[in-house]
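One-letter residues, chain by chain:
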Amino acid sequence: MLARRSRVRTFLVSALVVVSVLGLPVTASADSTESRQCSGHGGMAYGWITRHIAQTHTVGNCGSRIKVRVYYSHMGGTSWTSWKTVTPGSNANVRISVYPNNAIYAEHYADGAGTFITQFN
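In this numbering scheme, every chain counts its residues from 1 along its sequence in written order. Owing to the predicted nature of the model, reporting of local features is limited to residues with pLDDT of at least 70; listing and counting of side-chain atom pairs is limited to 80 or more, with chain, interface and lining totals taken over all residues. The side-chain figures draw on all heavy atoms in the structure; neither hydrogens nor water molecules are used.

## Here's the deal with the overall build of the protein
In step 1: The way it works is that DSSP assigns letters per residue, a run of H or I at least four long becomes a helix, a run of E at least two long becomes a strand, and they are numbered from the N terminus. On a plain count of helices and strands, the protein comes out with one helix and nine strands.
In step 2: When the helices and strands of the protein are listed from N to C terminus, the series reads α-β-β-β-β-β-β-β-β-β.
In step 3: Buried positions account for 30% of the 121 residues belonging to the protein.
In step 4: Considering only contacts within the protein whose residues lie at least 6 apart along the sequence, 55% involve residues at least 24 apart. Each residue is placed in one exposure class: buried if its accessible area under a 1.4 Å probe, protein chains only, is under 20% of its type's maximum, exposed if it is over 50%, and partly exposed if it falls in between. Residue contacts follow a heavy-atom distance rule, with two residues in contact if any of their heavy atoms lie within 4.5 Å.

## Let's talk about the nonpolar core
In step 1: What we call a nonpolar core is a set of buried Ala, Val, Leu, Ile, Met, Phe, Trp, Tyr and Cys residues that are connected through their side-chain atoms within 4.5 Å. C38, A45, I49, A54, V70 and A110 are the most contacted members of the largest nonpolar core, which has 19 residues in total.
In step 2: Breaking this core down by element, the ones donating at least two residues are β2 (43–49), β4 (66–74), β7 (91–97) and β8 (102–110).
In step 3: The dominant element in this core, judged by the number of residues it contributes, is β4, at four residues.
In step 4: Ignoring sequence-local partners within four residues, the contact set of A45 consists of E34, S35, R36, C38, H57, T58, C62, A110, A113 and F116.

## A look at the packing of aromatic side chains
In step 1: Working definition: rings of Phe, Tyr and Trp (its six-membered ring) pair if their centres are within 6.5 Å, and the pair is stacked with planes under 30 degrees apart, edge-to-face with planes over 60 apart, and tilted otherwise. Taken as a whole and judged by the stated rule, the model has two aromatic pairs.
In step 2: Considering the side-chain rings of Y71 and W80, the 5.1 Å spacing of their centres and the 50 degrees angle between planes classify their relative orientation as tilted.
In step 3: Centroid distance Y71 to Y105: 6.1 Å. Interplanar angle 40 degrees. Geometry classified as tilted. With a gap of 34 residues between them, Y71 in strand β4 and Y105 in strand β8 connect regions that are remote in the sequence.

## A word on unusual backbone geometry
In step 1: Residue Y99 is joined to P100 through a cis peptide bond whose omega torsion reads 10 degrees.
In step 2: Looking at the secondary structure, you find P100 in the loop between β7 and β8.

## Observations regarding the side chain of Q55
In step 1: Residue position: Q55 is located in strand β3 (residues 53–59).
In step 2: You can call Q55 buried: its relative accessible area is 8%.
In step 3: Residues adjacent in sequence count toward polar contacts only when both atoms are side-chain atoms; beyond that, a polar contact is any pair of N or O atoms within 3.5 Å, and within protein one must be able to donate a hydrogen and the other to accept it. Here the side chain of Q55 touches R95 through a polar contact of 2.9 Å, side chain to side chain.
In step 4: Excluding anything up to four places from it in sequence, Q55 contacts Y46, G47, W48, V68, N93, V94, R95 and H108.

Spelled out as structure tokens, the structure:
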């Protein structure tokens, strides 16, 4: 009888450990980040993507425009969003969200850096 209680207690403790581990928030490790030198301007352009957001960020001078768009999956298939564009100062961000859809690629643009792609795996 004592051995049976011990096995039941061990099973319950094991089940609680599994539930606790599965209940922890998981950080997506598939985010993608790329950076490009803004030739002739002296700045840097950074682009990143998560499952729901893509952003282009500049530090220093990257010219007069930065923009981002996302290729994402949805119930009807896959599509590109429209470009979202800003005219930066010396440090600028442009962000686009596709939540609750799933981002696949992001296309980033900065004057002097051109267009580059990040991918969510």
